[in-house]
Amino acid sequence: MKKIIITIDGYSSCGKSTLAKELAKELNYVFLDSGAMYRAITLYFLRNHIDWNDKDAVVEALQNISMEFMYNRETNACEMFLNDENVEWLIRDMLVAENVSEVAAVREVREFAVAQQRKMGNGKGIVMDGRDIGTTVFPKAELKIFLTADPSVRVERRFKELYERNPNITIDEVKANLEMRDYIDSNREFSPLRQAKDAIVLDNSNLTAKEQLKTALKLAKEKIQDLTTAAAN
Ligand code: DC
């Protein structure tokens, strides 16, 4: 069967990573969470007091950053290693969430991350989720999904996720953070969040994780079958 690139883009907390992870598992593909890369860079900048508005400081700092996804058998997922340290949990922290959109809007940061993402997709057989994967990173991807969900559903989902780790968090804080990230991600100058013209929109507001997986898997299998048949003729 032909291997393809599947991109899943959309606003924050639409469930992109959940879908991408499960889809990759079903197809025996590699799952890559591009947001984890922007989060890891943000963590590095925060820890090392790098001013991301200072272009020279950013360029220098990026030279000291190495990022790698490594598979963890226990969680059955790829986890982010920043300079050989597992930061998968740390990058989900609210402090990182509050700053990541600003960092991800910096041109040098995007060029750095996008170059690595493209390299990771070289061999095909990947599912990558993010904001600009179908538009900028892999504009020729064979299957592009644009995931959406009602804003109140997204806030609720994100709140539940964060509350498990931090019971002091309020729903208003989560709502404000999501609104801020959506705004910055959609309005930044370099590769803003956009639906690719050839993307298929999937609204999961009223779908269970199982139902959305079923829909996406059907799309993927059809695409793989069509391309495999075309290649054989
Ligand atoms: O998907 P996420 O919430 O983990 O992403 C964190 C931030 O990274 C998000 O606010 C925007 C940014 N991001 C981006 O600009 N481009 C991507 N391809 C992925 C994420």
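Refer to the preceding data block for the structure.
Residues numbered from 1 in each chain as written. Predicted model: local features only at pLDDT ≥ 70, side-chain atom pairs only at ≥ 80, totals over all residues. Heavy atoms only, no water.

*Asks:* Outline the environment of N177, supporting the account with residue identities and numerical values.
*Replies:* Locating N177 in the fold gives a position in helix α8 (residues 171-187). Among the residues examined, N177 registers a relative accessible area of 7% and is labelled buried. Sequence-distant contacts of N177, defined by excluding residues within four places in its chain, comprise M94, A97 and E98. (Helix = DSSP H or I, 4+ residues; strand = E, 2+ residues; numbered from the N terminus. Buried < 20%, exposed > 50% of the residue type's maximum accessible area, 1.4 Å probe, protein only. Contact = heavy atoms within 4.5 Å.)

*Asks:* Pulling in residues and values, what's your account of the site of the ligand?
*Replies:* The full set close to the ligand counts 15 residues, and R39, R110, D132, R181 and R188 are the nearest of them. Contact distances for the ligand include 2.8 Å between a nitrogen atom and a side-chain N or O atom of D132. One nitrogen or oxygen atom from the side chain of R181 is found 2.9 Å from an oxygen atom belonging to the ligand. Among the elements of the structure, α2 (34-47), α4 (94-104) and α8 are those that each provide at least two residues to the shell around the ligand. In terms of residue count, the dominant contributor to the shell around the ligand is α2 (four residues). A breakdown of the residues in the shell around the ligand according to their chemical character gives four nonpolar, four polar and seven charged. (Near = heavy atom within 4 Å. Polar contact = N/O pair within 3.5 Å; in protein donor to acceptor, adjacent residues only side chain to side chain. Nonpolar A, V, L, I, M, F, W, Y, C, P; charged D, E, K, R; others polar.)

*Asks:* Can you break down the environment of L46 residue by residue, with the values?
*Replies:* Among the structural elements, L46 can be located in helix α2. Each C-alpha atom of the pair L46 and V96 lies 8.1 Å from the other, and the pair is 50 residues apart in sequence. With sequence-adjacent residues up to four places away left out, L46 is seen in contact with W52, L95, V96 and N99.

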